[in-house]
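A look at the structure
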Amino acid sequence: MAKIIFYNFNYLLLVLSHPTSCASIAELMSVLFFHTMRYKVSAPKDASSDRFVLSKGHAAPILYAAWAEAGLFPVADLQNLRKIDSDLEGHPTPRLNFIDVGTGSLGQGLSVAAGMAYVGKYFDKASYRTYCLLGDGESAEGSVWEALHFASYYKLDNLCVIFDVNRLGQSEPTSLQHDMEVYRKRLDAFGFNALVVDGHDVEELTKAFHEASVTKGKPTAIIAKTFKGRNFPKVEDEENWHGKPLGDKADATIEHLKSLIKNAGPLQLHPQKPLVEDAPATNISNIQLSSPPNYKLGQKVATRESYGVALTKIAENNKHVIALDGDTKNSTYSEKIKKVSTDRYVECFIAEQNLVGVAIGAACRGRTVPFVSTFAAFFTRAFDQIRMGAISQTNVNFAGSHCGVSIGEDGPSQMGLEDIAMFRTIPGATVFYPSDAVSCERAIELSANTKGVCFIRTSRPATAVIYPNETVFQIGKAHVVKKSSKDTVLLVGAGVTLHEALSAAETLEKSGVHARVLDLFTVKPIDQAALVQNAKECGGRVVTVEDHYPEGGIGEAVLTALAEEAVKVKVLAVREVPRSGPPTVLIEKFGIGANSIIGAVKEITA
């Protein structure tokens, strides 16, 4: 095997895009792709193949080069790097058939890899291994250490983490530079089989990967001492070359690299180790509740509790449905899935960024259908992971409980008041906001079968069941829950505020004012047709009410849907940082209760 195989066929990559970051891992990639890893070039995402996550996504060119050299696509295609009509983008995305997840927002790849490894060890019980290559700079991210803790706790001996310790960050040296012993001690303390190697020595790397493959009971970390811009004259190990083309140094660099080539080719690839095809088949389509909702009209049930019930029902019907939580399982009710099997629940502890990353990894290659739950407020901590999930074309379902001031005495730090806005910004996301137990169960069933990111917003207070058990729900279809031919105003709510709107409508009716009440069910996509039709039938007067800040919430979604209509919309929302107190008191104090709705109706109909 040539020492630096990637310099043998396409020098353009070395002078256009992050060449120094690619050079530091050339030997690592050589050994991984042409000696250690087992995979099918004909089917890069084969269920039984080893997984590879390039967490330092800016080194994408060398990853593309590896797959081209392996024969997946013509080497000549590398000339299209970063062009508008090419999927060989500046950072990897699943537009490419050999990429599982998008990377490049640093510090996230290891959580995803840990999710893949967890599934491989505990669900698939298969022999495939997972490899994740990180940069030393990104190891400063807390999410990396969350993932290391998770991998060690669950003894993921099928996971190998490679740290490319090339000393230099983007703008200056990394904090530890080449202090390899500190890296080793830290990873040893985290429960890893920590190996320090010369990252440019093929023989050392080969031995290290072998040791990783036979180490049982703990994951392995290969801590590779490397040099940024390796073998680039007057560039190697020099600052201020991150992400920069070599410019007038390109020709001399290419000539020097040519002089290092010992095997001019054609490249004789090392025979791959046999691929053991032992990953079981999966079927994650047409997931249904094992039994329909079974509630009585008027029965008081919190939607967070019906989330747990529905999760159990779909898990009973499909063995690939799993639940992940961040130590809030007895509040989100995700723990109910344990009634089906304790193996179907994954505790990720209080580390929400890793929680989301693990779920994204668990969903890769259609191995599982993950439902991730915690308090809605805490998903804000993992927004970057969620948006990268969308770039990764992930199918992960998020359930956020304890939303809004209606949670009561716990106070503003626990109140999700930004979550609708956050998930509405995610491309292709579906945002469910069920208002009773029946609609919540159906929301879970629908989300299990919906591609892309799904968010289900659940509430803490018990609310009355308003829908018959047989009610049919669809994504993007609202429900009119109170209507008359005399309606002069349309009230739009969801969750707890829908019940406040119903209460307000009943009070208004006694004074001769008739209000129609519409339940959105999904905030995204929103039922524009229903909003337009009902707003017009109610004289063009609309009041929205939500347990959320006004920015990005239900009111703004409705305003957008009605932007081209001749209507008047009044938005009720939480407009200041709230405080502790009884739920009913807080709802009124912050302007989203029945009395506030009545006041808004009187203003808009005056």
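Bear in mind the structure is a predicted one, so any value in this text is a computation, not a measurement. (Residues numbered from 1 in each chain as written. Predicted model: local features only at pLDDT ≥ 70, side-chain atom pairs only at ≥ 80, totals over all residues. Heavy atoms only, no water.)

**As for the UniProt feature "domain: Transketolase-like pyrimidine-binding" (unreviewed entry) in the protein**
Stated formally: UniProt positions are given in the numbering used here, feature names are shortened, and annotations may be inferred rather than shown by experiment. Secondary structure elements follow DSSP: runs of H or I no shorter than four residues count as helices, runs of E no shorter than two count as strands, and numbering proceeds from the N terminus.
Under the UniProt annotation, "domain: Transketolase-like pyrimidine-binding" (unreviewed entry) lies at residues 301-465. The span residues 301-465 carries 35% helix and 19% strand; its end-to-end C-alpha distance comes to 7 Å.

**Digging into the pattern of salt bridges**
Rules: We count a salt bridge whenever a side-chain nitrogen from Lys or Arg sits within 4 Å of a carboxyl oxygen from Asp or Glu.
Across all of its chains, the model carries 25 salt bridges by this definition. Linking arginine 516 and aspartate 487 is a salt bridge whose minimum nitrogen-to-oxygen distance equals 2.8 Å. Of the two residues, arginine 516 is situated in strand S16 (residues 515-519) and aspartate 487 in the loop between strand S14 (479-482) and strand S15 (489-493); the sequence distance between them amounts to 29 residues. Connected via shared salt-bridge partners are Lys40, Asp46 and Glu277.

**Digging into the packing of helix H6 (residues 142-153) against helix H12 (residues 352-363)**
Our working definition: Here an angle of 0 to 180 degrees is reported between the N-to-C directions of two axes, which are lines fitted to C-alpha atoms, with helices fitted over the stretch in contact. Just so you know how the angles are binned, under 35 degrees is roughly parallel, over 145 roughly antiparallel, 65 to 115 roughly perpendicular, and the rest oblique. Crossing handedness: left-handed means the near helix sits turned counterclockwise from the far one by under a right angle, and right-handed means the same turn made clockwise. When checking whether two residues touch, look at their non-hydrogen atoms; a contact exists if any pair is within 4.5 Å. Under the convention adopted here, Pro, Cys and the residues Ala, Val, Leu, Ile, Met, Phe, Trp and Tyr are nonpolar, Asp, Glu, Lys and Arg are charged, and Gly plus all remaining residues are polar.
For the pair H6 and H12, the least separation of the axes is 8 Å and the interaxial angle reads 65 degrees. Of the possible angle classes, the one that applies to H6 and H12 is roughly perpendicular. Between H6 and H12 lies a crossing whose hand is right-handed. For the pair formed by H6 and H12, the contact residues are Ser143, Glu146, Ala147 and Phe150 on the first element and Glu352, Gln353, Asn354 and Val358 on the second. Grouping the constituent residues of the contact of H6 with H12 by class yields three nonpolar, three polar and two charged.

**Looking at the sheet that holds S15**
We count it as follows: Pairs of strands are assigned from DSSP output, requiring at least two bridges between the strands.
The strand order S14-S16-S15-S18-S19 describes an open sheet built from five strands, whose pairing is mixed. Edge positions in the sheet fall to S14 and strand S19 (568-572), since each of these pairs with one other strand and no more. Going from strand to strand, the sheet's axes swing by 25 degrees on average, the running direction of each strand aside. Pairing between strand S18 (residues 541-545) and S19: five bridges, direction parallel. When the bridges of S19 are listed, arginine 541 appears paired with lysine 568.

**Some remarks on the packing of aromatic side chains**
Using the following cut-off: Each Phe, Tyr or Trp ring, with Trp reduced to its six-membered ring, pairs with another whose centre is within 6.5 Å; inter-plane angles below 30 degrees give stacked pairs, above 60 give edge-to-face pairs, and intermediate values give tilted ones. Each residue's exposure class comes from its accessible area (1.4 Å probe, protein chains only) as a fraction of the maximum for that residue type: buried when under 20%, exposed when over 50%, partly exposed otherwise. Here, over-ring charges are defined by two tests on the NZ atom of lysine or the CZ atom of arginine: distance to the ring centre within 6 Å, and angle to the ring normal within 35 degrees.
What the rule picks out here adds up to 27 aromatic pairs. Summarising the aromatic geometry, the rings of tyrosine 118 and phenylalanine 150 are spaced 5.9 Å apart at their centres and angled 40 degrees between planes, so their arrangement reads as tilted. Placement of the pair is tyrosine 118 in helix H5 (residues 109-123) and phenylalanine 150 in helix H6, with a sequence separation of 32 residues. Across this residue pair, the class does not change: tyrosine 118 and phenylalanine 150 are buried. Both rings, one in phenylalanine 379 and one in phenylalanine 423, keep their centres 6.0 Å apart while their planes meet at 90 degrees; by these two values the pair is edge-to-face. A residue pair is termed long-range when its members are at least 10 positions apart, and phenylalanine 379 in the loop between strand S9 (369-375) and helix H13 (383-391) and phenylalanine 423 in helix H14 (residues 419-424) qualify at 44 residues. Phenylalanine 423 shares its class with phenylalanine 379; the two are buried. Counting every residue linked through ring pairs, the aromatic cluster contains Phe33, Phe34, Tyr39, Phe52, Tyr64, Trp67, Phe73 and Phe98. The ring centre of tyrosine 128 lies 3.6 Å from the NZ or CZ of arginine 51, which sits over that ring.

**So, the side chain of arginine 167**
Spelled out, the test is: Pairs of N or O atoms within 3.5 Å make up the polar contacts considered here, provided that, within protein, one atom can donate a hydrogen while the other can accept it, and that residues adjacent in sequence are counted only when both atoms are side-chain atoms.
Counting through the fold element by element, arginine 167 comes out in the loop between strand S3 (159-165) and helix H7 (180-189). The buried category is assigned to arginine 167, whose relative accessible area is 14%. Side chain to side chain, arginine 167 and glutamine 177 meet in a polar contact 2.8 Å long. Separated by 2.9 Å, the side chains of arginine 167 and aspartate 237 make a polar contact. Not counting chain neighbours up to four residues away, the residues in contact with arginine 167 comprise Asp136, Pro173, Thr174, Gln177, His178 and Asp237.

**Examining the pairing of S16**
In plain terms, the rule: Place the viewer so that the strands point away; then a crossover is right-handed whenever the path from the first strand over the helix to the second strand goes clockwise.
Counting buried positions over the five residues of S16 gives five, a clear majority of the element. In S16, alternate side chains face the same way, and those of Ala515, Val517 and Asp519 on one face and Arg516 and Leu518 on the other are all buried. Bridge count for S15 against S16 is five bridges, and the pairing is parallel. Bridged to leucine 490 within S16 is arginine 516. Handedness of the crossover joining S15 and S16 through helix H16 (residues 496-510): right-handed.

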